[in-house]
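Per-entry structural report
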Amino acid sequence: MERQSIGRRIVFPIAMILAGMIIALNLYDFARTIEGGGLHSFVVNLSVILMVLSIWMGAMIANTIAYFRGASFPERLLVSMFTPVVFLLKQWLGIWGIFSVGEFFFLLLHHVILSAVVINLIGMGLSELWCRIIHRVKSRDPAVKLFQVGNMAVLFLGCGMLTLMFWHFGHFYYYLFMDTYIKLFL
Amino acid sequence: MSADKPSIFNEPVTRRQAVKTIGTTVAAGLVGLNFPGIVSARGRMPNVIFILTDDHRWDAFGCMDHPFLKTPNLDRIAGEGVMFENSFCTTSLCSPSRASFLTGQYAHTHGVKTNHTPWNEKNVTFIELLKQAGYDTAFIGKWHMPGEGLPRVRGLDHFITFTAQGGQGVYYDCPLYIDGVHTEGRGKYITEDLTDRALQWIGRPRKNPFCLYLSHKAAHFGFAPPKHLDGMYKGIDLHLPPEADDFIPITNRHLFVGAPAPLSFLYRRYCETVVSVDEQVGRVLQKLDEMGMAEDTILIYAGDNGHFFGEHGLYDKRLAYEESIRIPFFVRYPGLIFDPGRRAQQMALNIDLAPTLLELIGRKIPPGMQGRSLVPILRSKGAPGRKSWLYEHYPVYPIPIPGIAAVRTDTHKYITYQNNIRPPELFDMVSDPKEKHNLIGTPRGKELLPRLKSELEKIKATTGYIGEL
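Residues numbered from 1 in each chain as written. Chains lettered and ligands numbered in written order. Predicted model: local features only at pLDDT ≥ 70, side-chain atom pairs only at ≥ 80, totals over all residues. Heavy atoms only, no water.

**Topic: the overall build of chain A**
Quick reminder of the rule: Runs of E in the DSSP output that reach at least two residues are strands. Runs of H or I that reach at least four are helices, and both are numbered from the N terminus. Exposed residues in this analysis have more than 50% of their type's maximum accessible area, buried residues have under 20%, and partly exposed residues fall in between, with area computed by a 1.4 Å probe over protein chains only. In this tally, Asp and Glu contribute negative charge and Lys and Arg positive charge; neither His nor the terminal groups of the chain are included. By convention, charge coordinates are those of NZ in Lys, CZ in Arg, CG in Asp, or CD in Glu.
Each helix and strand counted, chain A has eight helices and zero strands in total. The order of helices and strands in chain A, counted from the N terminus, is α-α-α-α-α-α-α-α. The dimensions of chain A, computed from C-alpha atoms along their principal axes, are 60 × 45 × 30 Å. Residues classed as buried in chain A amount to 45% of the 186 residues present. Looking at chain A, you have 13 positive and 8 negative side-chain charges, and the mean spots of the two groups are 12 Å apart.

Pasting the structure below:
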């Protein structure tokens, strides 16, 4: 795979997904000010599609672009995780000033905070699989392996964490989180 | 009148009899003046039934002109009693509000500030005081205040509650603690199960008047109606607010208070769950009618807090906007209310329940209670109401809503947030009841602000709130 410039293989996919998220969030907030029912629904639906694509499925898109532009695995991990981490920080920093510093840092374990990162780990893992399939078919190069330690690790880590966090409709992890919180802070 | 037939008019009266008669008459008059509700039609203290539901909005009733919801039994309570149209909770959250109903105190006084702060067993409840007055007492249903194990509530003869899901309970097959004994679920729908047990307790033979605190899980999140009502409002126009959209439970301006389901789905299920509450309340009313106790029983229906369903782009509660802080509060007591169906405009609070009940049964209201008895308003349409009150909210980990202290007057609302994390808000509740226009920074706002700031500080001081946040 030809290794393109940093701008094309790293900055572009990051910027595209990040811009998508910023536009989506602002468009959604703006939609509330629209009085007309039809236009209101249209803008809401558009912004929500953009939100899903950028925040929750961003890694699939960004990783695919970065892969075919020759980004290395650590670079692809950076590209995939950039927007979800920004979203995580946005959520996390929104709590600042309400709770104690300890509680603030403990919040990093909350499944809602972590979920965008976890889901994007799965998205990146899936993207790695199809990129490798396409790459292998197109290049007819048997050296291109479908399963590698890196892509399998992100996929299993993502799936494992997602299962833990949403086991029993999320009750298991939520009460584990809250019980630990109560023991530590109350 | 025959001169030969003995009667009280021609029988000779001894001095002792005369003194006894006059003394009894004067004593009865004094008692009647001071404690008008002390005796019921049967010549004893009235029974008390308090039904508390969860997250039941003040407007989710047929009698509130809801566009499709039919609640004939709840409407009957309002129609045969007094509906406090302007009633509020002082903290819009389950546990603090529940403790306020029980103690007549603000959250900063009774100490249950959030759903995680434990119940203080030193708190005095109206149940304890009614027990001291000779009542048989029962608490059946959702307690939902944390603490070590089950609470030891003084004055309770019979206590049925649940601890599943952090005290929230589950809609079907909920295991119960019956007088401290763990009992597996009976496979029933919880509102029906609790009502069955309440009716059983009401029907017990007894000499004393009774006080039943029936506290439902419904219509809290989970919004699971019983099977026969599931889907009854499917396909109906839900009349959600214009600023609402289906994604609000997920977006909700932040992601910690939401629910992973479309707003229309949640609201439909919520309304269906409310219908089940209505059905079960109907069974309680029927039981009272059958036992001939409807005239001798004070029946109060209330909700612990409100709930957003898309208003302001929000879901859930906690914030100080009307949809969150308004509650239903209906009082039915034929022995006292002579103009049934009245809609009282005076502001009533959850902390008013305890002092109201105590006055109704003729007991002294302890000085620690911060609510006011609503008895004067129940008796008379023109009785004065309060002019302002304090709304307080404490941060609930991990939800990103800061602490709130607000003053609600009969015409305005001024909201302040912990550490100024959010800018303060001031609303004219008369011209802007949906709180769309924050007056802070406007000429009108500048004019109003000093008075409201001063009112907030005054009410903080009088309720002992100072330094809370």
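**Some words on the environment of Glu311 of chain B**
Residues and elements named next belong to chain B. Selection rule: Whether two residues touch is decided by their heavy atoms; if any such pair falls within 4.5 Å, the residues are in contact. Here a polar contact is taken to be a pair of N or O atoms separated by no more than 3.5 Å, where protein atoms must pair a possible hydrogen donor with a possible acceptor and residues adjacent in sequence count only if both atoms sit in side chains.
Examined against the element boundaries, Glu311 turns out to sit in the loop between strand 9 (308–309) and strand 10 (315–316). On the basis of relative accessible area, Glu311 is assigned to the buried category, the value being 10%. Residues Glu311 and Gly258, 53 residues apart in the sequence, show an inter-C-alpha distance of 14 Å. Contact partners of Glu311, with chain neighbours within four places excluded, come to Arg57, Pro241, Glu243 and Glu323. In terms of polar contacts, Glu311 uses its side chain to reach the side chain of Arg57, at 3.0 Å.

**Quick look at the pairing of strand 1 (residues 47–53) of chain B**
Residue and element names in this part refer to chain B. To keep things clear, this is the line we draw: Strands qualify as paired when DSSP identifies two bridges or more between them.
Across the seven residues that make up strand 1, a large majority, seven, are buried. Every second residue of strand 1 is oriented toward a common face, with Asn47, Ile49, Ile51 and Thr53 on one face and Val48, Phe50 and Leu52 on the other, all of them buried. Alignment of strand 1 against strand 8 (residues 297–303), held across seven bridges, turns out to be parallel. Bridge assignment links Leu52 to a residue of strand 8, and that residue is Ala302. Relative to strand 7 (residues 210–215), strand 1 runs parallel, the two sharing five bridges. From the neighbouring strand, Ile49 faces strand 7, where its bridge partner is Leu212.

**Overview of a nonpolar patch on the surface**
Rule in force here: Only residues whose relative accessible area exceeds 30% and that form no salt bridge are eligible for patches; like-charged ones are grouped when within 9 Å, while nonpolar side chains (Val, Leu, Ile, Met, Phe, Trp, Tyr) are grouped when within 5 Å. Note on areas: Shrake-Rupley with a 1.4 Å probe; residue coverage comes only from the protein chains shown. By convention in these notes, a salt bridge is any Lys or Arg side-chain nitrogen within 4 Å of a carboxyl oxygen on Asp or Glu.
On the surface, a nonpolar cluster with roughly 310 Å² of combined accessible area is contributed by Ile49, Val52, Leu53 and Met57 of chain A. Considering the arrangement of structural elements, one finds Val52 of chain A in helix 2 (residues 37–56).

**Digging into the pattern of salt bridges**
Under the defined criterion, the tally for this structure stands at 38 salt bridges over all chains. The salt bridge involving Arg76 of chain A is made with Glu128 of chain A; its shortest N-O contact spans 2.5 Å. Remark: Glu128 of chain A occurs in helix 6 (residues 111–139) and Arg76 of chain A occurs in helix 4 (residues 73–93); sequence separation between them is 52 residues. On the basis of relative accessibility, which here comes to 6%, the residue Arg76 of chain A falls in the buried class. Its relative accessible area of 0% is what places Glu128 of chain A among the buried residues. When the shortest N-O distance is used, the salt bridge between Asp196 of chain B and Arg283 of chain B registers 2.7 Å. You can see Asp196 of chain B sitting in helix 6 (residues 190–202) and its partner Arg283 of chain B sitting in helix 8 (residues 263–290), a full 87 residues away along the chain. One connected set of salt bridges, linked through shared partners, spans Arg186, Lys188, Asp193, Asp196, Arg197 and Arg283 of chain B.

These figures come from the coordinates and say nothing about function on their own.
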